[in-house]
Amino acid sequence: MRNTRILSGLAGRFAGLTDSSLPIPTRAETVAARRHFFGDAVDPVSGEIHPERVVAAWFGCAGFAIALGGTVFLLDAWVPRGLTSGYVPTTPAQLAALRPEAIFIGHGHFDHAADAGAIAQASGATVYGTADHCAMIRKQVAFKAEFACVELGSKQSPPGDRYDFTLLPGLEVTAVRHLHSAPTRRGATASARVSPTPCLGDVRTHRPNLADAAHLVRNLSAPEGGTLLYQFRTANFTLTWHDSSGPLLDRAPQVLEILRALPPSDVHIGAVQGFNQFTNGLRDPRVYIEALRPKLFVPNHHDNWLPLITARGEAFRTPLHAEIAKIPTATRPEIRMLIDPEDYVSSARMTFA
């Protein structure tokens, strides 16, 4: 537990400090970053994205860089680091270099939003999240933040609140307030418990540097600030994403009605790791899948992002397939596992025509 003691010792030293600003990316850096994340969907000269391609590149935990309808945006904004350094082969500066149009925050915990302020300030991206997310993210940067933040309710908004807006012509967005993962009593709807053994080897092979440890310490206490699910729609494609899967059956069944009313998803990227896995297994992620009716399900938040308590994604393969098998064959989605670290920052697994 040496790394835990290091972080605890640094907590007082770095408390209250903000993260450093990122440089404003050049055009050449944007082209390079987009090619790095999205491959041959990017014009090598202009950096423009092929409008008929849908590409997603995973940068750890629940974070994704997305190219949809020729538009680039981020889902969450944190490159995992702190107990490890270099495990995920990218940096916040590279995410800023993508020049995303927007950053969508699922919830405010450090492992989802700790790089949002710096990336938004450097790239000019508009941040979307609750009022609480916006206030927290503005405090992350050392100088007055010069970026827009669109408030979608607040932490007091009730589960089931829905927000519809147009990001750009031809790209519609719906945000739905739902629940963060939480343990609930094991009952009749429970599934087999999932308790992967923590994977400590990556701490030894990717030792944390001081800057990354300090960044983690500064952001450890970030509040949730409300939890949002997002659906993105073009004329030909529907993508749904959420970075936590709450116990909707137990605490907010009305949200399921809202999700069922959304168009079926071509691709659904959903969190599978959560606090309820130790009591009710992967029941909660399955409930989201059943409501959203995707053709393809891609797990997120299932990698070794915090090695003292998490495992590599391979540990979720068997229990996830077993859980999805409970869905009737006619409506059961294909599962496309993302395995760390091989599938980080790679468009190979998630490119769609």
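Throughout what follows, the structure given in this document is the object of discussion.

Conventions used here
For every chain, the first residue of the written sequence is number 1, and numbering continues from 1 along that sequence. The predicted nature of this model means local features are confined to residues of pLDDT at least 70 and side-chain atom pairs, given and counted, to a pLDDT of 80 or more, with totals for whole chains, interfaces and linings taken over all residues. Hydrogens are left out, water is left out, and the side-chain values use all remaining heavy atoms of the structure. Secondary structure elements are taken from DSSP: a helix is a run of H or I of four residues or more, a strand is a run of E of two residues or more, and numbering for both begins at the N terminus. Atoms considered for the radius of gyration are the C-alpha atoms alone. The globule rule reads 2.2 Å times the number of residues to the power 0.38. Exposure is judged per residue with a 1.4 Å probe applied to protein chains only, and the accessible area is read against the type maximum: over 50% gives exposed, under 20% gives buried, and values in between give partly exposed. By definition, residues are in contact when any of their heavy atoms lie within 4.5 Å. Only the protein chains shown count as cover for residues, with accessible areas throughout obtained via the Shrake-Rupley method and a probe of 1.4 Å. None of His or the chain ends enter the tally, which takes Lys and Arg as positive and Asp and Glu as negative. Where a charge sits is defined by one atom per residue type, namely NZ (Lys), CZ (Arg), CG (Asp) or CD (Glu). At least two bridges found by DSSP between two strands are what make those strands a pair. Lines fitted to C-alpha atoms define the axes here, with helix axes fitted over just the stretch in contact, and angles between the N-to-C directions of these axes take values from 0 to 180 degrees. Salt bridges are identified by distance alone: a Lys or Arg side-chain nitrogen within 4 Å of an Asp or Glu carboxyl oxygen. Seen with the strands pointing away from the viewer, any crossover whose path from the first strand over the helix to the second strand runs clockwise is right-handed. One less than the residue count of a helix, multiplied by 1.5 Å, gives the span that helix is expected to have. When we speak of the arc, we mean the arc of directions from the helix axis to the C-beta atoms.

Helix and strand counts for the chain come out as 13 helices and 14 strands. A compact globule built from 353 residues should have a C-alpha radius of gyration of about 20 Å, and the chain, at 19 Å, falls within 12% of that. With respect to the principal axes defined by its C-alpha atoms, the chain has extents near 50 × 50 × 40 Å. Considering the chain as a whole, with its 353 residues, one finds that 59% of them fall into the buried category. A separation threshold of at least 6 residues defines the contact pool for the chain, and within that pool the share at least 24 residues apart is 73%. As presented, the chain carries roughly 14100 Å² of accessible surface, and 54% of it is formed by carbon and sulfur atoms. Where the 34 positive side-chain charges of the chain centre and where its 32 negative ones centre are 5 Å apart.

This next bit is on unusual backbone geometry. The omega torsion of the bond from aspartate 340 to proline 341 falls at -5 degrees, within 30 degrees of zero and hence cis. Within the secondary structure, proline 341 is located in the loop between β13 (334-335) and β14 (351-352). Even without a glycine there, the phi angle at arginine 293 is positive, about 55 degrees. Position of arginine 293 among the secondary structure elements: in the loop between α12 (283-292) and β12 (296-300). Classification of arginine 293 by relative accessible area gives partly exposed; the value is 32%. In the Ramachandran plot, histidine 301 falls in the positive-phi region, its phi being about 55 degrees despite a non-glycine side chain. Within the secondary structure, histidine 301 sits in the loop between β12 and α13 (314-324).

Below, the discussion takes up the sheet that holds β12. Pairing between the strands of a sheet is mediated by backbone hydrogen bonds and can be parallel or antiparallel. Read across the sheet, seven strands follow the order β7-β8-β9-β10-β11-β12-β13 without closing on themselves; strand pairing throughout is mixed. Edge strands, defined here as strands with exactly one partner in the open sheet, are β7 (162-168) and β13. Two elements, strand β10 (residues 238-242) and strand β11 (residues 267-271), share four bridges in a ladder whose sense is parallel. Pairing of leucine 239 across the sheet is with valine 267, part of β11. Lying over the sheet, helix α10 (residues 253-260) contacts β7, β8 (171-177) and β9 (228-233), oriented at roughly 170 degrees with respect to β8.

The next point concerns the pattern of salt bridges. Summed over all chains, the structure comprises 14 salt bridges. With a shortest N-O distance of 3.2 Å, aspartate 40 and arginine 53 are connected by a salt bridge. In this pair, aspartate 40 sits in the loop between α2 (27-38) and β1 (54-58) while arginine 53 sits in the loop between α2 and β1, placing the two residues 13 residues apart along the sequence. By relative accessible area, which is 62% here, aspartate 40 ends up exposed. A residue is classified by how much of its surface remains accessible, and arginine 53, at 24% relative accessible area, is partly exposed. What you see here is one network of salt bridges that share partners, running through Arg286, Glu290, Glu323 and Lys326.

Next up on the list: the pairing of strand β3 (residues 71-75). Most of β3 sits out of view: five of its five residues are buried. Pairing of strand β2 (residues 64-68) with β3 involves five bridges; the strand directions are antiparallel. Looking at the pairing, phenylalanine 64 lines up with leucine 75 of β3. Joining the antiparallel neighbours β2 and β3 is a turn of two residues, in which glycine 69 adopts a positive phi near 60 degrees. Where β3 and strand β4 (residues 102-104) come together, three bridges link them in parallel fashion. Across the sheet, residue leucine 75 finds its bridge partner in β4, namely phenylalanine 104. On the question of chirality, the crossover connecting β3 to the parallel β4 by way of helix α3 (residues 92-97) is right-handed.

Time to look at α2. Here α2 contains twelve residues, and its C-alpha end-to-end distance of 16 Å stays within 8% of the 16 Å for a straight helix at 1.5 Å per residue. Within α2, burial applies to Thr30, Val31, Ala33, Arg34, Phe37 and Phe38. Seen along its axis, α2 keeps its buried residues to an arc of 165 degrees; they face one direction. The positive-phi residue at the C-terminal boundary of α2 is glycine 39, with phi of around 60 degrees.

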